[in-house]
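Letter by letter, the chains look like this.
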Amino acid sequence: MKILFLDQSGKPGGAELCLIDIAKPYQNNCLVGLFADGSFKDLLEKNQIPVEVLTNQKIQVKKESSLTQGLASITQLAPLITKVVKIARNYDLIYANTQKALVVGAIASFLSGRPLVFHLHDILSPEHFSQTNRRIAVTLANRAKLVIANSQASKKAFIEAGGKAELVKIVYNGFDPQNYLNQESQIKQLRQKLELDDKFIVGHFSRLAPWKGQHILIEALAKCPPEVVVILVGDALFGEQDYVKQLHQQIDELQLQNRVKFLGFRHDIPQLMAACDLVAHTSTAPEPFGRVIVEAMLSGTPVVAAASGGAIELVQSGINGFLSTPGNPQELTKVINSCIQDKQKTAAIAETARNTASQRFNVANINQQIAQLLQKL
Ligand code: UDP
Ligand code: GLC
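Conventions adopted
Residues numbered from 1 in each chain as written. Chains lettered and ligands numbered in written order. Predicted model: local features only at pLDDT ≥ 70, side-chain atom pairs only at ≥ 80, totals over all residues. Heavy atoms only, no water. Buried < 20%, exposed > 50% of the residue type's maximum accessible area, 1.4 Å probe, protein only. Helix = DSSP H or I, 4+ residues; strand = E, 2+ residues; numbered from the N terminus. Arc of directions from axis to C-beta. Contact = heavy atoms within 4.5 Å. Near = heavy atom within 4 Å. Polar contact = N/O pair within 3.5 Å; in protein donor to acceptor, adjacent residues only side chain to side chain. Areas by Shrake-Rupley, 256 points an atom, 1.4 Å probe, with all protein chains shown as cover. Nonpolar A, V, L, I, M, F, W, Y, C, P; charged D, E, K, R; others polar. 1 Å grid on protein atoms, 1.4 Å probe; cavity = no way out; pocket = protein on both sides within 12 Å on 5 of 7 lines; lining within 4 Å. Points joined across faces, edges and corners; volume = space filled by probe spheres on them. Pairing = 2+ DSSP bridges. Axes fitted to C-alpha atoms, helices over the stretch in contact; angles between N-to-C directions. Phe/Tyr/Trp six-rings, centres within 6.5 Å; stacked < 30°, edge-to-face > 60°. Lys NZ or Arg CZ within 6 Å of the ring centre and 35° of its normal. Parallel < 35°, antiparallel > 145°, perpendicular 65-115°, else oblique. Left-handed = near helix turned anticlockwise from the far one by under 90°. Lys, Arg positive; Asp, Glu negative; His and termini not counted. Salt bridge = Lys/Arg side-chain N within 4 Å of Asp/Glu carboxyl O. Disulfide = S-S within 2.5 Å.

1. What to know about helix 2 (residues 39–46)
Okay, step 1: Looking at helix 2, one finds that the buried residues are F40, L43 and L44. For helix 2, the arc enclosing every buried residue in end-on projection is 100°, short of the 170-degree limit, so these residues lie on one face.
Okay, step 2: Summarising the contacts, the buried residues of helix 2 are in contact with strand 1 (3–7), helix 1 (14–23), strand 2 (30–34) and strand 3 (51–53).
Okay, step 3: Positive phi shows up at Q48, right after helix 2, with a value of about 55°.

2. Topic: the site of ligand 2
Okay, step 1: For ligand 2, the full set of nearby residues is G14, A15, H121, N150, N173, E287, P288, F289, G290 and R291.
Okay, step 2: Between ligand 2 and H121 there is a distance of 2.7 Å, counted from an oxygen atom to a side-chain nitrogen or oxygen.
Okay, step 3: E287 is positioned with one of its side-chain polar atoms (N or O) 2.5 Å from an oxygen atom of ligand 2.
Okay, step 4: Protein contacts shield 92% of the accessible area of ligand 2, which totals 310 Å² for the unbound molecule.
Okay, step 5: Split by residue class, the shell around ligand 2 holds three nonpolar, five polar and two charged.

3. Things to note about the layout of surface pockets
Okay, step 1: As a volume, the second largest pocket reaches approximately 420 Å³.
Okay, step 2: If you go around the second largest pocket, you meet 19 residues; those closest to its centre are A274, C276, D277, G300 and P302.
Okay, step 3: Those elements that provide at least two residues to the lining of the second largest pocket are helix 8 (184–193) and helix 15 (343–360).
Okay, step 4: Counting residues per element, the lining of the second largest pocket draws most heavily on helix 15, which supplies five residues.
Okay, step 5: Here the lining of the second largest pocket is built from residues that sort into nine nonpolar, five polar and five charged.

4. A word on empty space enclosed by the protein
Okay, step 1: For the structure shown, the criterion picks out one cavity of 30 Å³ or more.
Okay, step 2: The volume enclosed by the largest cavity comes to roughly 60 Å³.
Okay, step 3: Forming the boundary of the largest cavity are 13 residues, of which H281, T282, A306, S324 and T325 lie nearest the centre.
Okay, step 4: Here the residues of the lining of the largest cavity sort into six nonpolar, seven polar and no charged.

5. Observations concerning the sheet that holds strand 1
Okay, step 1: Ordered in space as 3-2-1-4-5-6-7, the seven strands form an open sheet in which the pairing is parallel. Unpaired on one side and paired on the other, strand 3 and strand 7 (168–170) mark the two borders of the sheet. Here the average twist between neighbouring strands, direction ignored, is 20°.
Okay, step 2: Strand direction decides the pairing type here: strand 6 (residues 146–149) and strand 7, joined by three bridges, are parallel. Across the sheet, V147 pairs through a bridge with V168, a residue of strand 7.
Okay, step 3: Contacts from helix 7 (residues 152–160) reach strand 5 (116–120), strand 6 and strand 7, with the element oriented near 165° to strand 7.

6. Describing the site of ligand 1
Okay, step 1: Residues in contact with ligand 1 amount to 16 residues; listed here are only the nearest, G14, R207, K212, R266 and E295.
Okay, step 2: Here R266 contributes a backbone N or O atom positioned 2.8 Å from an oxygen atom of ligand 1.
Okay, step 3: The side chain of E295 places a nitrogen or oxygen atom 2.8 Å from an oxygen atom of ligand 1.
Okay, step 4: Within the complex, 90% of the 540 Å² of free accessible area of ligand 1 lies under protein.
Okay, step 5: Those elements giving two or more residues to the shell around ligand 1 turn out to be helix 1 and helix 12 (291–299).

7. Structural notes on the packing of aromatic side chains
Okay, step 1: Inspection of the entire model under this criterion finds six aromatic pairs.
Okay, step 2: A network of ring pairs unites the aromatic residues F5, Y26 and Y95 as a single cluster.
Okay, step 3: One cation-aromatic arrangement involves K2 over Y91; the distance from NZ or CZ to the ring centre is 5.0 Å.

8. Topic: unusual backbone geometry
Okay, step 1: Although it is not a glycine, Q48 adopts a positive phi angle of roughly 55°.
Okay, step 2: In this fold, Q48 is placed in the loop between helix 2 and strand 3.
Okay, step 3: One non-glycine residue, E195, adopts positive backbone phi at about 60°.
Okay, step 4: Classification of E195 as exposed rests on a relative accessible area of 63%.

9. With respect to the packing of helix 1 against helix 2
Relative orientation and spacing of two packed helices are given, respectively, by the angle between their axes and the distance between those axes.
Okay, step 1: Their axes nearest at 10 Å, the elements helix 1 and helix 2 cross at an angle of 20°. One way to sum up the angle between helix 1 and helix 2 is to call them roughly parallel. Crossing hand, helix 1 versus helix 2: right-handed. Side by side, helix 1 and helix 2 meet where E16, L17, L19 and I20 of the first sit next to F40, L43 and L44 of the second.

10. A word on the side chain of R134
Okay, step 1: Following the sequence through the fold, R134 ends up in helix 6 (residues 131–141).
Okay, step 2: An unpaired buried charge is present at R134: no salt bridge exists, and E160, the closest side chain of opposite charge, is 8.6 Å distant.

11. Considering the state of the cysteines
Okay, step 1: Applying the stated rule across the entire model yields zero disulfides.
Okay, step 2: Counting only cysteine sulfurs, C339 is the nearest neighbor of C224, a cysteine outside any disulfide, at a range of 10 Å.
Okay, step 3: Residue C224 is classed as buried on the basis of its relative accessible area, which comes to 6%.
Okay, step 4: Assessed through its relative accessible area of 3%, C339 is described here as buried.

Structure follows, in structure tokens:
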């Protein structure tokens, strides 16, 4: 089966990192078409997945766009759609991995006669998308042969927004557990390199964006004992510079300059996670899936996640991690303190998480699920 994957992003967000794993088994028979150049293209090339940047024009539509803005951007897309239609004729299937890819993919599917699959990585709720964008998304997705949702939460919101339930299959993100096995000596070295080897390191691994809630962790940190420090791993991938400024201001006001390190975007996530004593996920809006939560589990580091969206499908509090109310720094402080106080119990929870996650999110099984779904088309 020859697949034309489409993704709007030049940058490696979670949906893009997931696509690398999905496209890999088809690397001799696929093309990933991107709507922007950037480091995601390099990552695909590194993984020997054929990739082409299909346009260099910026697509203006935003998550909160109105109908007129949405329609204006569709006319702007005409040259890109023409190109995709031409390419699609050499493929059996169009696989749209993001919202803008869905718009282009759905029209190209209609014009080329190639079936459309949509991988839904988002929660189509008012917190994340304007009503117009939700309507456009479900109307076009309802024309697909299959919608793959990354969690029950994403599926539920899709149906609530008007999506057809019978089209949706849930497939979680897959991971190779081997990539998360680390040598203790290497991890010790990394902690020393960070100059934090005698600290209790809480790691936050997300792009810097208001809804990812880094500010909640900073607020929680202010009430933690002095041995607790925070590393913020990730960059403002989609231009959230105001939020970065706001975070620095908050850190200055709380005088936490010596207890928070910004590490920027990193490629050594498994090692950095293993170097942490706790990984915190603090999204203030429902997280569609939350790759970082599973990655922390696979790294053997205890994880606390904001109890909403896909995160509650991944974490059972007190069994394979901890859940904390979204947007509630006091509760987060309590979890951090209890992890410091009861190291043995916390380590046992992390061990359970590692074992169960290695099975449940194993990339080989996940890829098999996707292959079976695609074969049925
Ligand atoms: N990530 C990364 N480098 C960083 C920060 C994050 O490679 O510096 C990865 C992280 O390991 C995870 C992904 O980015 O696999 C983020 O995915 P997630 O589902 O957690 O959130 P998203 O950004 O997709 O909403
Ligand atoms: C999106 C979501 C994230 C999810 C990722 C992979 O980027 O925001 O929650 O983990 O896709 O499905």
